[in-house]
Amino acid sequence: MTVEQNVLQHSQKHQQTLLNQLREVTGTTDIQLLQQALQASNGDLAEAVTYLTEKNAKVPQQDETTYYQTSQVPSDKYISVGSQADSNVIDLTGDDKDDLQRAIALSLAESNRAFRETGITDEEQTISRVLEASIAENKASLKRTHTEVWSDSPNPHDRKRIDNCPVGLKNVGNTCWFSAVIQSLFNLLEFQRLVLNYSPPTKIHDLPRNQKEHRNLPFMQELRNLFSLMVGSKRKYVDPSRAVEILKDAFKSSELQQQDVSEFTHKLLDWLEDAFKIKAEEDREEDKPKNPMVELFYGRFLAVGVLEGKKFENTELFGQYPLQVNGFKDLHECLEAAMIEGEIESLHSAENSAKSGQEHWFTELPPVLTFELSRFEFNQALGRPEKIHNKLEFPSMLYMDRYMDRNREITRIKREEIRRLKEHLTLLQQRLERYLSYGSGPKRFPLADVLQYAMEFASSKPVCTSPVEDIDSSTPLGGVTAQQQPPPSLAEQDSSTPSESSGSVSVPSSTATAAQQQRAPIHKPFTQSRLPPDLPMHPAPRHITEEELRVLEGCLHRWRSEVEYDTRDLQGSITRLHRTIELMYSDKAMMQVPYRLHAVLVHEGQANAGHYWAYIYDPHQRCWMKYNDISVTKSSWEELVRDSFGGYRNASAYCLMYINDKKPFLIEEEFDKETGQILSGMDKLPPDLKQYVKEDNELLAKEIEEWDAFQARKAQHEKFTLAAAATAAASSTSTSSSSPQPMSIECSPPDNAAPQQDPEYMEQPSPTNDSKHLQEDTERAISRVAAEQEERSPEALLNGAMMTPNMQGVIMAIGKSSRVFEKNGPEAAFFKALKLEYARLLRFAQEDTLPENDYRLQHVIVYFIQNQAPKKILERTLLTQFADRNLAFDERCKSIMHVARAKLDLIKPEEVNMDEYETWHQDYRNFRETTSFMITGLELFHKTNYVEALMYLIYSFQYNKELLTKGLYRGHDEELLGHYRRDCLLKLNEQAAVMFESAEEPEVTTGLGIMNELVVPCIPLLLVDDTDKDLLAVEDMRNRWCSYLGQEMEPNLQEKLTDFLPKLLDCSTEIKSFHDPPKVPACSTLELCERFSRIMSVIRKVAAQAR
């Protein structure tokens, strides 16, 4: 190939790329007009769009008053938004009521048709269109000033890759478009191998250092580094910043601007093609070097057409194939329309007419076939892009035979047959419509039902009076006069009771309505010829003879049967035609070019803002995976369909990537040539990349090691602090008087089984010196206990002081063991009280109680039992409670306390793991802290202090979620917390919206401050949880603000709204960092339990009232 030919081919390819992009942006399909715009703008895409916009602006448009209508929504929740009317305008300025009825019917029919086709109401489409138009108009003033930064978890263990889970990509600032495309390409294993094994040209210094080379080669190296980390990194996700920065410089755009995924994919493939072209030219052994990127992603089609009566054939190269979405229901319809441009009748006729048009026939399909779904069209009237939310279906297996040049003649025959069948289908559908929508007015009904209604009328009981004669105007509408009696003919035929005859009778209109409600359902057989006696009177014939009724009944019955037969026949014929059209290409000869769906790139949002993610098929696990920035999760075909077909949450497929199903090398793993084993992980990488990944993994390992060392030091420090406190307490006990300082120990989780066997330290007797001490105490106690039994008994103490539930339980157990104490001494009494208290707590742990009475808050042992804590943790915790110095009420309590302390001293270090013991107690402290957050948040919520309540509810939900990962009884009801978190956000959203509506500057500023500082940062938390209620709440909040678009407001309000909306509509699920948790006031166990009981009672009452 000569230099001139090479340059010419590259120029033609560049020209075609610009034409495709211009066609997609503007929606203009006129090739000559597009070429004219490019020539006038010297190839500048932006100027070409401006040129076409100005040109269309000069074309006379409809009067704006006839092009738009504003409909008032019957709800005071949202401000109404103008909706675009049908172009077939009916004059409603006159007095013709028929025109008004036709307009209403036309509007309803169009609304119903649009809803059936797309699943989206006119109001929703209009809101979306106006939103997109407004944001596009103010694009220059949009500043996405997120003050929050994406933050990694400080704990490196949270960022560690789990097994061989795919690696995610960090969003480094509106780069979800980059993540979606790169993940789709990375999972093409052939492409992955090409990138990883790419080596820069060795003669690089001999080549001219042009701008392309200076940019493409560094990018290739960064892409290799990124791919190597995605293969062998031990991180859950990696940072693509270096590759992204090179791309952003090339786009010459703002760092915060959201890039279009098709534009980026075009650019990426161009760069890769150029990079591999340099390498191919250096390594070539023949005259024509092979570029692996071209062979992988580029195909060829034959353009066959007629231009001004002259036939032509051209072969063209294509990469991503653009398809229009608007007006089509599935991918095959899009492809059929894209393969034919203009009027092409002359292609198939012998006559050489002057009509122009062309067909496209694929001569060579690439192994990776990519379709761009053009979901953005340019609104010529508004001069703005709009997103198309129509539903478009696509298959998981696509057969391309019908579009191949070698099948041209067969396809043309089949297309002609389909065209004929569709014409026949249209006629049948029109005939069926006449049966199903019978009548000449705006209201139409199925003809079979019309005949049914006529039969019901004819067979009703005849009346001989006017429908108003039996109503006395002097009585209220609800009653009849005593003198008014029904005609004898009615009295004879009606078996109504006296109470019915004196009951209330409705006015005729109400009677008709009631009769309609009581009518038999559609298609009900003629099983009833007379109205039941208990129904109110409805219209009936005045006079009809038996002969007339018999003839009429026979005719109506026969006609209805004929209509039903014709309807079924038409419906069956239509179904058969649909099936015939569907199976037109199902023969084996037309199923030889299978392409399997590999990846779907999804966009959620509107024309100028939104979020991208990808669904990619994993052939090894045989399931779909969802790649959403750092999050990589298993998905399903059903979820893909929901998010990709369109019509759901403004999300739809933007790009489809199919791979040739007969070329398994595209997704097959590579085998070691010597061992025959599959290469995986680091074995895939060349030596330089192995070293690169190894160094990065060592950095992560070092970070983990430093974190663990820091946590160990922190735990050791806390342990020493506790030991020092215990030592100080012990020394103070030995030197202090009989009035001890209060000390309360409350801990963590439980076990469901009672101790089966006492450990050694429980079996051993107390030391001798302690026994003497206890004996002396006992002897002194005996002389005083009898006199003090009534006023100083442990039971009496319960009524005289406020104690923790733990202390109350211990004192009660000691009181019940008094006889054992008197008979056998303190040690036996200690064992008796210990067993009694444990039995009581075990019963609490197994009871089903009301929500407001949570025994876990009252007793740490209950928490431990329900969460199956080890037995020795339970025993030590219970011993600690009996050893509490606050038990020094009398000699009996003090004696048992001394026994408990002696038992604690006998515990050997190897018998109870103190680290585990402290971990369980820390978990319980976390549970109490979470409870405090929850109670405070719920109390503030029910006081309507939503601003302060939000952070408490947010943190309580997050902390509770972490607790529940360890066990079902570790935390509180997640659904309850989720409900109040969601409801609080909705309340704040409503408050902020009301402030914005006031148009007062301080109120508007406060409202937007609430949204920016509280609501918007919390939206990703709802999106991550992905529950239906949370997703609906997010949609409600967004729709509330979108409803303001299109309304008249002050320019400063419009500016603030357009600056705020992109933040609200950002669909990223990455969690932004929050401020420190709010402070929770310290409170005693009794106070905490009382507050918990009060707020849960309030919640239960509110729920009961709601029901």
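Structure: above.
Just so we're clear, the structure is a prediction, and the values are computed from it rather than from any experiment. (Residues numbered from 1 in each chain as written. Predicted model: local features only at pLDDT ≥ 70, side-chain atom pairs only at ≥ 80, totals over all residues. Heavy atoms only, no water.)

Draft legend 1. Quick peek at the pattern of salt bridges. This structure, assessed with the given rule, holds 38 salt bridges. With its nearest N and O atoms 3.2 Å apart, the salt bridge here joins Arg 642 to Asp 643. Here Asp 643 falls in the buried class, since its relative accessible area comes to 0%. Three or more residues are tied together by salt bridges with common partners; here these are Lys 626, Glu 639, Arg 642 and Asp 643. (Salt bridge = Lys/Arg side-chain N within 4 Å of Asp/Glu carboxyl O. Buried < 20%, exposed > 50% of the residue type's maximum accessible area, 1.4 Å probe, protein only.)

Draft legend 2. The packing of aromatic side chains, seen in detail. For the coordinates displayed, the defined rule picks out 31 aromatic pairs. Between the aromatic rings of Phe 219 and Trp 271, the centroid separation amounts to 5.2 Å while the plane-to-plane angle is 85°, which identifies the pairing as edge-to-face. In this pair, Phe 219 is assigned in helix 9 (residues 211–232) and Trp 271 in helix 11 (residues 261–283), connecting sequence segments 52 residues apart. Classification of Trp 271 as buried rests on a relative accessible area of 2%. Aromatic side chains Phe 318 and Phe 362 sit 5.2 Å apart centroid to centroid with 45° between the ring planes, which places their arrangement in the tilted category. Of this pair, Phe 318 sits in strand 6 (residues 310–318) while Phe 362 is found in strand 9 (residues 357–364), placing the two residues 44 residues apart along the sequence. A relative accessible area of 1% means that Phe 362 is categorised as buried. Directly above the aromatic system of Trp 613 lies the positively charged group of Lys 626, at a separation of 5.0 Å from the ring centroid. Positioned over the ring face of Tyr 917 is Arg 876, at 5.5 Å from the centre of the ring. (Phe/Tyr/Trp six-rings, centres within 6.5 Å; stacked < 30°, edge-to-face > 60°. Helix = DSSP H or I, 4+ residues; strand = E, 2+ residues; numbered from the N terminus. Lys NZ or Arg CZ within 6 Å of the ring centre and 35° of its normal.)

Draft legend 3. Summary view of the nonpolar core. In terms of nonpolar packing, the biggest core is built from 100 residues, with Phe 830, Phe 864, Phe 882, Leu 950 and Trp 1041 touching the most fellow members. Ranked by the residues each element gives to this core, the list is headed by helix 36 (residues 1001–1025), at 12 residues. In this structure, Leu 188, Phe 219, Met 230 and Phe 297 belong to the second largest nonpolar core, which totals 61 residues. (Core = buried A, V, L, I, M, F, W, Y, C linked by side-chain atoms within 4.5 Å.)

No statement about biological role is implied by the geometric values presented.
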